[in-house]
Amino acid sequence: RFVYDEDRDIVLGHEFVGEVIDHGPGCGDQFPVGSRVTAMPVRLVATGAGTQVIGQHPDAQGSFGELLVVSELLARVVPDGVPTDAVAVVDAFAVGEFYVGSSKITGGEIPIVIGAGAIGLSAVAALARRGIEPIIVTDRKPERLALAESFGDHVLVDADERSPFDVWREVAAEWGVATPAVVYECVGAAGL
């Protein structure tokens, strides 16, 4: 599903919303030309061949390009009045919701969210929605930490100044928590 080959070009862009300008072979009339749509960022390929992740496979070019091909089966019309920027982050927020739900975190556990980009913020939102507190959020960019703070009253850690694990130990002692940290790694950057 993911192919990174230095000899092949990839157009990045994994979250998107766009306007239907045409239909490929075998498509129905479910999405008239001019419809505003989004889709799961996966292309279905020939029967039995599986999937390709849009923007992360050279045969499934991403949304930073001028044109993008999406699978009709995975597309959805965007309702009138829904802001385009909100639709573009639905996939990212679904990822955070999925992983927080999968972790089965409960009250009395203290999470560390590593990275406050779209995926990290989606994890913070999913944790906050469940009433989990405190939430430790770490990043190197102050503007991202400020966004995390707007999701609730959390413990923010500049990764260039402190280790989030040192902060977790302090917070766990203050809250009387003896269980291990629940870590959501949402960035993949060395040093965070």
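1. Let's talk about the packing of aromatic side chains
Phase 1: Under the definition given, this model contains 2 aromatic pairs.
Phase 2: On the numbers, 6.4 Å between centres and 15° between planes, the contact of Phe93 with Phe151 is stacked. On the criterion of sequence distance, the pair formed by Phe93 in helix α2 (residues 90-103) and Phe151 in the loop between α4 (142-150) and β8 (155-158) is long-range, its members being 58 residues apart.
Phase 3: Note on Phe98 and Tyr99: the rings are 5.0 Å apart at their centroids and 80° apart in plane angle, and the pair reads as edge-to-face. As far as the burial class goes, Phe98 and Tyr99 line up, both exposed.

2. A closer look at the sheet that holds strand β5 (residues 75-77)
Phase 1: One open sheet holds the 3 strands; their spatial order is β1-β2-β5, and the pairing between them is antiparallel. With partners counted over all chains shown, the strands left at the sheet margins are β1 (18-19) and β5, one partner each.
Phase 2: Note: β1 against strand β2 (residues 36-39), 2 bridges, orientation antiparallel. When the sheet's bridge partners are listed, Glu19 is paired in β2 with Arg36.

3. Topic: the pairing of strand β9 (residues 182-185)
Phase 1: Here β9 shows a clear split, with Val182 and Tyr184 buried on one side and none of Val183 and Glu185 buried on the other.
Phase 2: Of the pairings in the sheet, the one linking strand β6 (residues 111-114) to β9 comprises 4 bridges and is parallel in character. Paired with Val113 across the two strands is Tyr184, which belongs to β9.

Conventions and cut-offs
Residues numbered from 1 in each chain as written. Predicted model: local features only at pLDDT ≥ 70, side-chain atom pairs only at ≥ 80, totals over all residues. Heavy atoms only, no water. Phe/Tyr/Trp six-rings, centres within 6.5 Å; stacked < 30°, edge-to-face > 60°. Helix = DSSP H or I, 4+ residues; strand = E, 2+ residues; numbered from the N terminus. Buried < 20%, exposed > 50% of the residue type's maximum accessible area, 1.4 Å probe, protein only. Pairing = 2+ DSSP bridges.

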